[in-house]
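Structural overview for review
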Amino acid sequence: MKRRWKIGLGVLLSGVVLALLAFLSFEVAIRIAASSLPEVVDNQTYQENIWQVSRIYAADRTLLDQFSRQRRTVVPFKEISPALVDAVLAAEDRSFYQHTGVDWKAIARAIFRDVLARRFAQGGSTLTQQLARNLYLNHEKTLWRKFKEAVLARKIEEKLSKEDILFQYLNTIYWGHGSYGVEEASRYYFAKHASDLTTAEAALLAGIIRGPELYSPVKYPEKAKGKMEHVLEAMAECGTLSGSATDYEMPVVARRPEVEFELAPYAVDAAIVELRRRIDGPVSVDTGGYQVSTSISVPFQRSMNEAVRRYLGKVRPRIKTANSVNDAPDACVHNGVLRPGCPVWARVLSEDEERGGYLADLFGRLGWIPRDSLEVVEPYRPGGGVLKPGEWVKV
């Protein structure tokens, strides 16, 4: 009896020691992970540093050009449709307002399914963990990355409110077809702002978060419809859907408004040069999300472009003849290439002082020519100096 008591006590002490070691190891792992994690940023810092698309508009808000490293437009939380918030929470994180960054029940279910599948079949990540992964970490499928993600999610929940987390999440994640953030997704799929999304449109967008390319309503409308119906059913279960899931039809996916790249490229270039001149700070033109308005009149510009095309149609045969290598003097040709100073003709369209050259029509195509490679054609305008639109030059 005494021996059994000693064995039992030894087993108990061993269990306590092992539990203590496990706890200490867990604490050490948390400290190691936390030491390598970035600082959580507030909304102002987030908006100042997240990559956004810059756009250049004509006078009537016709889009002339857009450029960015990631096509994203950050919008305030109050300008996001409540239906989208309900749809995303129903699809991605039903216990969002209850947990503190990590849903341990969901993780346990995910681990069980991963073991059965013998791979990382399901993540079990909360919306906060997804934000941590997309904004601060990466998508590497390792247990250590998953552990760091959980630790960072707790830090995010400690610093940010639930509304702030939703704001950053919805403006960060990728929605397919080059669209980052819900505003660009709304523009791309439905040609509208995120504030104007209907319940069906919101459910469709929420359904493609897990696989933006796999469930794209543009490429795979049937798959996208199936995910939308699943989200609507989830919303009904959460009590955030008005009516039944079967009351909603597949929304029409509208094409994103086309960009008028060819309408006034010289004006776009001039606007970019001026924008770069004015910007003085850490945020670059390519990532700052600037909105530039020009005085370009779309109807007037179309008329001018058409007039130039008609005029060039008349003079282009003469230009091409003068620019022909075969017709050039023998002294100008070397191995089929024109030597510098030969009469290659071009028509000046505009000047760019910043670049030190001119936009010109050469061989019927637009191109930039450095100022030091131009010589004013004597019969048209002797004396040199600054060239003006409409004048002819030879390279």
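Now for a look at the structure at hand. Here the structure is a predicted model, which means the values were calculated and not measured.

1. Focus on the overall build of the protein chain
Assigned secondary structure in the protein chain consists of 12 helices and 12 strands. In the protein chain, buried positions account for 41% of the 395 residues. Looking at the protein chain alone, contacts between residues at least 24 apart form 60% of all its contacts between residues at least 6 apart.

2. Looking at the packing of helix H3 (residues 82-92) against helix H9 (residues 199-207)
In contact at an axis separation of 8 Å, H3 and H9 are set at 40° when each is read in the N-to-C sense. Handedness of the H3/H9 crossing: right-handed. Along the contact surface, H3 presents Ala 83, Leu 84, Ala 87, Val 88, Ala 91 and Glu 92, while H9 presents Thr 199, Ala 202, Ala 203, Leu 205 and Ala 206. Its residues placed into classes, the contact of H3 with H9 shows nine nonpolar, one polar and one charged.

3. Digging into the sheet that holds strand S2 (residues 63-67)
Reading across the sheet, the three strands line up as S2-S1-S5 and stay open at both edges, with mixed pairing between neighbours. Either end of the sheet is taken by a strand with one partner, and the two such strands are S2 and strand S5 (291-293). Between one strand axis and the next, the sheet turns by 15° as a mean value, whatever way the strands run. Inspection of the sheet shows strand S1 (residues 54-57) paired to S2 by four bridges, in the antiparallel sense. Bridge pairing links Ser 54 to Phe 67 in S2.

4. Structural notes on the pairing of S2
Within S2, five of the five residues are buried, which leaves the element mostly enclosed by the surrounding structure. What sits between the antiparallel neighbours S1 and S2 is a turn of five residues, in which Arg 61 has the positive phi angle 75°.

5. Examining the environment of Leu 135
Tracing the chain through its elements places Leu 135 in helix H5 (residues 127-135). Residues contacting Leu 135, with those up to four places away along its chain left out, are Tyr 46, Ile 50, Gln 168 and Thr 172.

6. As for the side chain of Gln 168
You can see Gln 168 is positioned in helix H7 (residues 162-172). One polar contact links Gln 168 to Asn 43, side chain to side chain, over a distance of 3.0 Å. The residues contacting Gln 168, other than those within four sequence positions of it, are Val 41, Asp 42, Asn 43, Tyr 46, Leu 131, Leu 135, Tyr 136 and Leu 160.

7. What to know about the nonpolar core
Among the nonpolar cores identified, the biggest contains 55 residues, and Leu 84, Ile 156, Leu 170, Trp 175, Val 182 and Leu 205 are the most heavily contacted of them. Those elements that place two or more of their residues in this core are H3, H5, helix H6 (143-159), H7, helix H8 (182-190), H9 and helix H10 (221-238). When residues in this core are grouped by element, the largest group, seven residues, is from H3. Filtering out sequence-adjacent residues up to four positions away, Trp 175 remains in contact with Leu 170, Tyr 180, Gly 181, Val 182, Ala 185, Tyr 189, Leu 205, Ala 206, Ile 208, Ile 209 and Pro 212. Listed in part, the 15 residues of the second largest apolar core include Phe 67, Leu 263, Val 285 and Val 292.

8. Focus on the packing of H8 against H9
Two elements in contact, H8 and H9, have axes separated by 11 Å at closest approach and are oriented at 110°. When the axis of H8 is compared with that of H9, the two are roughly perpendicular. At the point where H8 passes H9, the crossing takes the right-handed sense. From H8, Ala 185, Ser 186, Tyr 189 and Phe 190 reach across to H9, where they touch Glu 201, Leu 204 and Leu 205.

9. Thoughts on the pairing of S1
Taking every second residue as pointing to the same face, both faces of S1 are buried, with Ser 54 and Ile 56 on one and Arg 55 and Tyr 57 on the other. Relative to S5, S1 is paired through three bridges, and the arrangement is parallel. For Ile 56, the partnering residue across the bridge sits in S5 and is Val 292.

10. Let's talk about unusual backbone geometry
Even without a glycine there, the phi angle at Arg 61 is positive, about 75°. If you trace the backbone, Arg 61 turns up in the loop between S1 and S2. A relative accessible area of 45% means that Arg 61 is categorised as partly exposed. Look at Ala 191: it is not a glycine, yet its phi comes out positive at around 55°. The topology assignment puts Ala 191 in the loop between H8 and H9.

11. Remarks on the pattern of salt bridges
Per the counting criterion, the structure on display carries 12 salt bridges. Where Arg 94 meets Glu 237, a salt bridge forms, and the shortest distance between an N and an O atom there is 2.9 Å. Remark: Glu 237 occurs in helix H10 and Arg 94 occurs in the loop between H3 and helix H4 (104-117); sequence separation between them is 143 residues. For Glu 237, a relative accessible area of 59% puts it in the exposed group. Two residues, Arg 187 and Glu 184, come together in a salt bridge whose shortest N-O distance is 3.8 Å.

Criteria and thresholds
Counting starts from 1 at the beginning of each chain's written sequence and moves along it residue by residue. Per-residue local features are limited, in this predicted model, to residues with pLDDT of at least 70; the limit for side-chain atom pairs, both in listing and counting, is 80 or more; totals at the level of whole chains, interfaces and linings are taken over all residues. Each side-chain value is derived from all of the structure's non-hydrogen atoms; neither hydrogens nor water enter the calculation. Labels follow the DSSP assignment, with helices taken as runs of H or I lasting at least four residues and strands as runs of E lasting at least two, numbered in each case from the N terminus. We call a residue buried when its accessible area falls under 20% of the maximum for its residue type, exposed when it is over 50%, and partly exposed in between, using a 1.4 Å probe and counting protein chains only. Here, two residues are considered to be in contact whenever any of their heavy atoms come within 4.5 Å of each other. Axes here refer to lines fitted to C-alpha atoms; in helices the fit is confined to the stretch in contact. Angles between the N-to-C directions go from 0 to 180 degrees. In this scheme, a crossing is called left-handed if the near helix is turned counterclockwise away from the far one by less than a right angle; it is called right-handed if the turn is clockwise. Classification used: nonpolar for Ala, Val, Leu, Ile, Met, Phe, Trp, Tyr, Cys and Pro, charged for Asp, Glu, Lys and Arg, polar for all others including Gly. For two strands to be treated as a pair, DSSP must find no fewer than two bridges joining them. Under the rule applied, a polar contact is a pair of N or O atoms within 3.5 Å (in protein, one hydrogen donor and one hydrogen acceptor; residues adjacent in sequence only if both atoms are side-chain atoms). Residues belong to one nonpolar core when they are buried, are Ala, Val, Leu, Ile, Met, Phe, Trp, Tyr or Cys, and are joined through side-chain atoms within 4.5 Å. In these notes the angle categories are as follows: under 35 degrees is roughly parallel, over 145 is roughly antiparallel, 65 to 115 is roughly perpendicular, and the rest is oblique. Every case where a carboxyl oxygen of Asp or Glu lies within 4 Å of a side-chain nitrogen of Lys or Arg is listed as a salt bridge.

These figures capture arrangement, not role.
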